[in-house]
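So you can see what is in the structure, the chains are spelled out below.
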Amino acid sequence: MAEQTVRRIAPAKGRLGVLCVGLGAVATTFIAGVENIRRGAAKPIGSLTQMGTIRLGKRTEGRAPLIREFAPLADLNDLVFGAWDPVPDDAYTAAVRAGVLDRHEHLEPIGEFLRNVKPMPAVFDQSYVKRLQGSNVKPGKSKRELAEALRKDIREFKAKHGCDRLVMVWCASTEIFISPGPTHWTLDAFEKAVDANDQTIAPSMLYAYAALQEGVPFANGAPNLTCDFPAMEQLARDKGVAIGGKDFKTGQTMVKTVLSPMFKARMLGVAGWYSTNILGNRDGEVLDDPESFKTKEESKLGVLEYILQPQLYPELYGKIFHKVRINYYPPRGDNKEGWDNIDIFGWLGYPMQIKVDFLCRDSILAAPLVLDLALFFDLAQRAGLSGIQEWLSFYFKSPQVAPGLYPEHDLFIQQTKLKNTLRYLMGEEPITHLGIEYYQND
Ligand SMILES: NC(=O)c1ccc[n+]([C@@H]2O[C@H](COP(=O)([O-])OP(=O)(O)OC[C@H]3O[C@@H](n4cnc5c(N)ncnc54)[C@H](O)[C@@H]3O)[C@@H](O)[C@H]2O)c1
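Residues numbered from 1 in each chain as written. Predicted model: local features only at pLDDT ≥ 70, side-chain atom pairs only at ≥ 80, totals over all residues. Heavy atoms only, no water.

Novice: What's the story with the nonpolar core in this structure? I'm lost.
Specialist: Nonpolar side chains in soluble globular proteins tend to end up buried together. Residues Phe30, Leu79, Phe376, Tyr395 and Leu422 are the most contacted members of the largest nonpolar core, which totals 63 residues. Elements with a contribution of two residues or more to this core: β1 (15-21), α1 (25-38), α3 (67-70), β2 (79-84), α4 (91-98), β3 (163-170), α16 (362-382) and α17 (411-425). Among the elements that make up this core, the one with the highest residue count is α16 (12 residues). Ignoring anything within four residues of it in the chain, the contact list for Phe376 reads Thr49, Ile67, Leu73, Trp391, Leu392, Tyr395, Leu418 and Leu422. (Core = buried A, V, L, I, M, F, W, Y, C linked by side-chain atoms within 4.5 Å. Buried < 20%, exposed > 50% of the residue type's maximum accessible area, 1.4 Å probe, protein only. Helix = DSSP H or I, 4+ residues; strand = E, 2+ residues; numbered from the N terminus. Contact = heavy atoms within 4.5 Å.)

Novice: Please clarify how the pairing of β2 should be interpreted in this entry.
Specialist: The side chains of a regular strand alternate, first on one face of the sheet and then on the other. Among the 6 residues that make up β2, 6 are buried, leaving the element largely enclosed by the rest of the structure. Residues Leu79, Phe81 and Ala83 of β2 are buried on one face, and the alternating residues Val80, Gly82 and Trp84, pointing to the opposite face, are buried as well. With 6 bridges joining them, β1 and β2 adopt parallel strand pairing. Along β2, the bridge assignment pairs Leu16 with Leu79. (Pairing = 2+ DSSP bridges.)

Novice: Whenever I open this one, the pattern of salt bridges confuses me. Can you help?
Specialist: Proximity of charged atoms lets side chains of opposite charge pair with each other. One pass over the structure, following the stated rule, counts 23 salt bridges. Measuring nitrogen to oxygen at the nearest pair gives 3.1 Å for the salt bridge that ties Arg63 to Glu61. For Glu61, a relative accessible area of 42% puts it in the partly exposed group. In this structure, Glu214 and Arg151 form a salt bridge, with 2.7 Å as the shortest nitrogen-oxygen distance. Residue Glu214 is located in the loop between α10 (203-213) and β4 (218-220), and its partner Arg151 is located in helix α7 (residues 143-160); the two are separated by 63 residues in the primary sequence. Overall, the relative accessible area of 22% leaves Glu214 in the partly exposed class. Each of Lys13, Asp164, Arg165, Asp378 and Arg382 takes part in a single network of salt bridges with overlapping partners. (Salt bridge = Lys/Arg side-chain N within 4 Å of Asp/Glu carboxyl O.)

Novice: How should I be thinking about the site of the ligand in this particular structure?
Specialist: What surrounds the ligand is a group of 30 residues, the closest being Val26, Asp85, Ala172, Thr250 and Arg282. For the ligand, a nitrogen atom lies 2.9 Å from a polar atom in the side chain of Tyr207. Here an oxygen atom of the ligand and a side-chain polar atom of Thr250 are 2.8 Å apart. Here the ligand has 840 Å² of accessible area as a free molecule, and 98% of this is covered by the chains. Mapped by element, the contributors of at least two residues to the shell around the ligand are α1, α13 (282-287) and α16. Looking at the shell around the ligand, its residues break down into 16 nonpolar, 7 polar and 7 charged. (Near = heavy atom within 4 Å. Polar contact = N/O pair within 3.5 Å; in protein donor to acceptor, adjacent residues only side chain to side chain. Areas by Shrake-Rupley, 256 points an atom, 1.4 Å probe, with all protein chains shown as cover. Nonpolar A, V, L, I, M, F, W, Y, C, P; charged D, E, K, R; others polar.)

Novice: Can you walk me through the sheet that holds strand β7 (residues 321-328) in this structure?
Specialist: Backbone-to-backbone hydrogen bonds pair the strands of a sheet. The strands run either parallel or antiparallel. Pairing within the open sheet is mixed, and its 4 strands lie in the order β7-β6-β8-β9. Whereas interior strands pair on both sides, the edge strands pair on one side only; in this sheet they are β7 and β9 (351-359). Strand-to-strand twist of the sheet, defined as the mean angle between neighbouring strand axes without regard to direction, takes the value 10°. Bridge analysis of strand β6 (residues 269-279) against β7 gives 8 bridges, and the strand direction is parallel. In the sheet register, Ser275 faces β7, and the bridge partner there is Val324. Packed on one face of the sheet, helix α12 (residues 252-265) meets β6, β7, β8 (337-345) and β9 and runs near 170° to β6. (Axes fitted to C-alpha atoms, helices over the stretch in contact; angles between N-to-C directions.)

Quick look at the structure:
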């Protein structure tokens with residue numbers, strides 16, 4: 001039974017700086033979105049922290065406050081934004097270029113605000129993101145120098161903007177696939193590898209390392225390894241900082257983690273699942289490189305295995321043919337189309353099919369996740385929760401978990417975990433959905 005005392009949570013006073021690594025489609029849609037919402041020009045649709053409620057106590061009590069009124073989250077008016085990007089465009093230019101938000105309705109009216117968000121020079125190395133070039137790059141040659149330069153940026157941003165606290169969210173391009181190896185096992189080995197400019201230390205790891213060293217929580221929105229290895233987990237615990245990732249769970253994978261628990265709940269078999277996407281934004285272009293795609297593919301493929309548990313149900317899920325494709329198709333821009341063909345089978349083995357055609361907008365789905373992650377990671381930090389924040393796996397395709405645990409991918413288990421963690425933090429009873437008390441007379 002979880003302890004029922006209210007956990008000591010430092011108040012959300014002063015400004016919260018949200019540092020985005022990458023100022024592309026997702027980051028600009030997030031920043032411009034928050035500013036439009038603050039000015040009353042739009043609603044925070046898709047954001048659990050802003051629109052969601054949480055049931056407290058018994059169903060008969062009728063207590064369901066808004067999450068943002070229940071938990072002490074930072075107020076949107078207290079957010080300030082910073083970013084790094086190898087492309088020098090300010091947030092206005094980058095948002096216009098990304099083509100997600102309507103220029104006249106959502107960008108021009110806040111043009112001056114967006115133009116003031118200028119990217120700091122990035123730690124960028126093209127060998128980790130092949131399809132990208134940029135001129136706004138830090139000159140430092142050694143990885144140690146670059147990590148120190150990021151730490152300096154963090155401190156200077158905090159002082160310049162008078163921030164009380166900071167959080168960092170990776171909204172940058174997907175790096176090439178890197179398998180965790182000996183340089184990632186221990187903090188000592190990792191630091192030596194940084195000093196030796198080892199190839200297994202990617203730029204994203206330097207951002208995460210700098211954030212943790214500065215006591216700044218770090219959330220990873222892309223599938224890169226970044227902070228998902230023992231050395232970084234150790235550093236997070238040592239420094240008392242919250243970390244988590246990987247890869248925002250938005251379109252097709254969100255649908256997958258809702259449909260597959262349904263098949264398992266009803267003991268329906270799955271013979272094959274073919275997922276394909278067309279996408280025309282810069283993310284699509286980066287993912288067109290096989291090495292970046294491999295990172296994404298690993299993140300997308302994992303979910304079915306964990307949810308369907310073929311080892312427990314070999315007759316139902318032992319022979320699934322699972323394929324994921326992303327094709328770069330410029331005419332669609334950020335408006336992705338994702339098709340799923342699912343071959344299932346039922347009673348006596350009779351086959352059936354389900355087709356999903358999701359015409360989504362990638363950054364419209366991802367932007368509210370960036371907001372929620374920034375606010376919840378800040379809450380976690382103020383509540384003294386350090387290391388991996390598994391309760392936020394709701395937001396990730398490939399959630400980081402403690403060693404020896406398998407990740408929970410089912411969206412509704414993740415949602416229950418998230419809400420129960422909020423109840424736990426605020427000293428309320430977790431909700432088990434047992435409900436027997438409504439039917440017992442004695
Ligand atoms: N939109 C979604 O639904 C979604 C879902 C899951 C994950 N993601 C991931 O989120 C990330 C951002 O997506 P996007 O559509 O905004 O892509 P984008 O290409 O529009 O923006 C990424 C930005 O990161 C910058 N960048 C690359 N390397 C960098 C570095 N080392 N330091 C700082 N900046 C760097 C690029 O110049 C670019 O401006 C991608 O990795 C994508 O795979 C997006």
